[in-house]
Amino acid sequence: MPEGSTEELHSSPPCESQVTEPAGLLAPRSSRTMVTGGGGYLGYNLGCALVSSGVAVVLFDLHKPKWEIPHGADFFKGDVRDYEAVFKACEGVDCVFHVAACGMSGLEQLQKKDQIESINVGGTKIIIDVCKQRNIPRLIYTSTVNVVFGGNPIEEGDEETVPYFPLEKQFNHYSRTKAIADQMVLAANGTLLKGGDKLHTCVLRPPGIYGPEEQRHLPRVAINIQRRLFNFKFGNHKVQMNWVHIGNLVQAHLLAAEALTSEKGYVASGQAYYIHDGENVIFSEWIVPLFEKLGYRKPWIHIPVLLAHIAATVMEYLHLILKPVFSFTPFLTRNEVWNVTVTHTFRIDKARNQLGYKPKKFSFADSVDHYLKTRPTCQEDHTFLKMVFVFGILLSLIILSFF
Ligand SMILES: NC(=O)c1ccc[n+]([C@@H]2O[C@H](COP(=O)([O-])OP(=O)(O)OC[C@H]3O[C@@H](n4cnc5c(N)ncnc54)[C@H](O)[C@@H]3O)[C@@H](O)[C@H]2O)c1
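Residues numbered from 1 in each chain as written. Predicted model: local features only at pLDDT ≥ 70, side-chain atom pairs only at ≥ 80, totals over all residues. Heavy atoms only, no water.

**Some points on the overall build of the protein**
Formally: Numbering of helices and strands runs from the N terminus; a helix is a DSSP stretch of H or I covering at least four residues, while a strand is a stretch of E covering at least two. By definition, residues are in contact when any of their heavy atoms lie within 4.5 Å. For the area figures, the Shrake-Rupley method with a 1.4 Å probe applies, and any residue is considered shielded solely by the protein chains shown.
Tallying secondary structure elements over the protein gives 14 helices and 16 strands in all. Counting only contacts in the protein whose residues sit at least 6 apart along the sequence, the fraction spanning at least 24 positions is 79%. Carbon together with sulfur atoms contributes 56% to the accessible area of the protein, which is approximately 17300 Å² in total.

If you want it as structure tokens, here you go:
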């Protein structure tokens, strides 16, 4: 399909199976919306919920979703860095959900700085510019808790008291560029549209996303458990964090779109919201169903956090060195080590009070069951990866012996 063209695919029933209760929550006062990153997990599920609410959707993405496109949605193949493509896709649109991002986890996190920056920052600038030119009055940006978390402990942080993590100290490009984009979107609130009205913007900051069909975290962790790379546990057992189920995150996006309307007094204009399931979890306990249902023993070899950090560093460098001849996904990155070894929890009172956000209760175990039912049966040979891992641990031990 040519770049910048729309394609309405199958007219199969929309994707209720992806999100337990997405539709009919509310119909955002919109006739046509655009979801960037509409081929990805959140973007696609959000698109499904919107069409179920009777709102037409353009799913804008570099890649087609792996799931069937629901009736009422158009897929537009395009790049958020391409002004003309974004402008064309936004014809008739009155609300944009800017979900597309690059560099989030695993291999992607190690992509070149320029690539990540051009998508996360450059792409966001283009989205804002097109909203102005196309007189689109509502823009909802999917940010991340990483804009304030960079390895610093945060307990029950809220939107008013926790500052952005200093950009110069963010050691991964994803978090740094998401923080820049988050600030750009908030700064764009209230700017004049070409037709004279105002642009209303808000940002949602979720932690890790889980749910049925999630592709980014669960399958990767599961594969590494099967490779027995997660026999190791590190860090304090009391480390807490939040997670968000896809159904709750979709709900929050729909509510945010509502809260940028005059009917809701533009309550969300210029606001940021933390969004999660409404509970703090201990990571080592939360992940247990995955080990149990896969039939593997829980991690039992305790290693110091520093060693895990060094191993992740070594993995990242090995990845860079070997990239020209062999590309592998490090089983952990430094950023991911911080994520599971440093407490970072947030309050969601602001979203509850201003947006009317009411997270539903979901179970991670159900997502694991779904994964086990749908995972591909054929497994690759991981001998080389195991070698790389063992090499990483050995190298880390050698480095550690110098301390
Ligand atoms: N997955 C998580 O755990 C998590 C946690 C916090 C925040 N977020 C945020 O949520 C959003 C969605 O995450 P997801 O899990 O659905 O990710 P995903 O990778 O499934 O979806 C992202 C989509 O963006 C698309 N994309 C990337 N570059 C693009 C470009 N230049 N032009 C057009 N499309 C492009 C990708 O093709 C992909 O389909 C992201 O903004 C991410 O930063 C995700």
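**Remarks on the pattern of salt bridges**
Note the cut-off: Salt bridges are defined as contacts in which a side-chain nitrogen from Lys or Arg sits within 4 Å of a carboxyl oxygen from Asp or Glu. With a 1.4 Å probe rolled over the protein chains alone, any residue whose accessible area is under 20% of its type maximum counts as buried; one over 50% counts as exposed, and the rest are partly exposed.
The final tally for this structure, using the stated rule, is 12 salt bridges. The salt bridge involving Arg 176 is made with Glu 117; its shortest N-O contact spans 3.0 Å. Of this pair, Arg 176 sits in helix α5 (residues 173-187) while Glu 117 sits in helix α4 (residues 113-133), and the two are 59 residues apart along the sequence. Using a relative accessible area of 28% as the deciding quantity, one classes Glu 117 as partly exposed. Salt-bridge contacts for Arg 205 lead to Asp 182; the nearest nitrogen and oxygen are separated by 2.9 Å. Highlighted residues: Arg 205 in strand β8 (residues 200-205) and Asp 182 in helix α5, separated in sequence by 23 residues. We classify Asp 182 as buried; its relative accessible area is 0%. Salt bridges sharing partners connect three or more residues here, namely Glu 156, Arg 347 and Asp 349.

**Structural notes on unusual backbone geometry**
Unlike most non-glycine residues, Glu 156 shows phi in positive territory, near 55°. One non-glycine residue, Tyr 266, adopts positive backbone phi at about 50°. Looking at where Tyr 266 falls in the secondary structure, it is placed in the loop between α7 (246-258) and β13 (271-274).

**Examining the site of the ligand**
Note the cut-off: For this purpose, a residue is taken to be near a molecule or strand whenever a single non-hydrogen atom of the residue falls within 4 Å of it. Side-chain atoms alone can form a polar contact between residues adjacent in sequence; in general such a contact is a pair of N or O atoms within 3.5 Å, and within protein one must be able to donate a hydrogen while the other accepts it. Residue polarity is assigned by list, with Asp, Glu, Lys and Arg as charged and Ala, Val, Leu, Ile, Met, Phe, Trp, Tyr, Cys and Pro as nonpolar; anything else, Gly included, falls into the polar class.
What surrounds the ligand is a group of 27 residues, the closest being Asp 61, Val 99, Tyr 174, Arg 216 and His 217. Between the ligand and the protein, one listed contact pairs an oxygen atom with a backbone N or O atom of Tyr 41 at 2.9 Å. In the complex, 92% of the free accessible area of the ligand, which totals 820 Å², lies under the protein chains. If you list the elements that add at least two residues to the shell around the ligand, you get α1 (41-52), α5 and β9 (208-210). Tallied by class, the residues present in the shell around the ligand amount to 13 nonpolar, 10 polar and four charged.

**Some thoughts on the packing of helix α6 (residues 218-226) against helix α13 (residues 364-374)**
Definition in use: Axis angles are defined between N-to-C directions and span 0 to 180 degrees, where every axis is a line fitted to C-alpha atoms and, for a helix, only to the segment in contact. Any angle from 65 to 115 degrees is called roughly perpendicular, while one under 35 is roughly parallel, one over 145 is roughly antiparallel, and all others are oblique.
Remark: α6 packs on α13, axes separated minimally by 11 Å, with the N-to-C direction vectors making an angle of 75°. Taken together, the axis directions place α6 and α13 in an arrangement best described as roughly perpendicular. Judged by residue contacts, Leu 218, Pro 219, Ala 222 and Ile 223 of α6 engage Phe 364, Ser 367, Val 368 and Tyr 371 from α13. The residue inventory of the contact of α6 with α13, partitioned by class, reads seven nonpolar, one polar and no charged.

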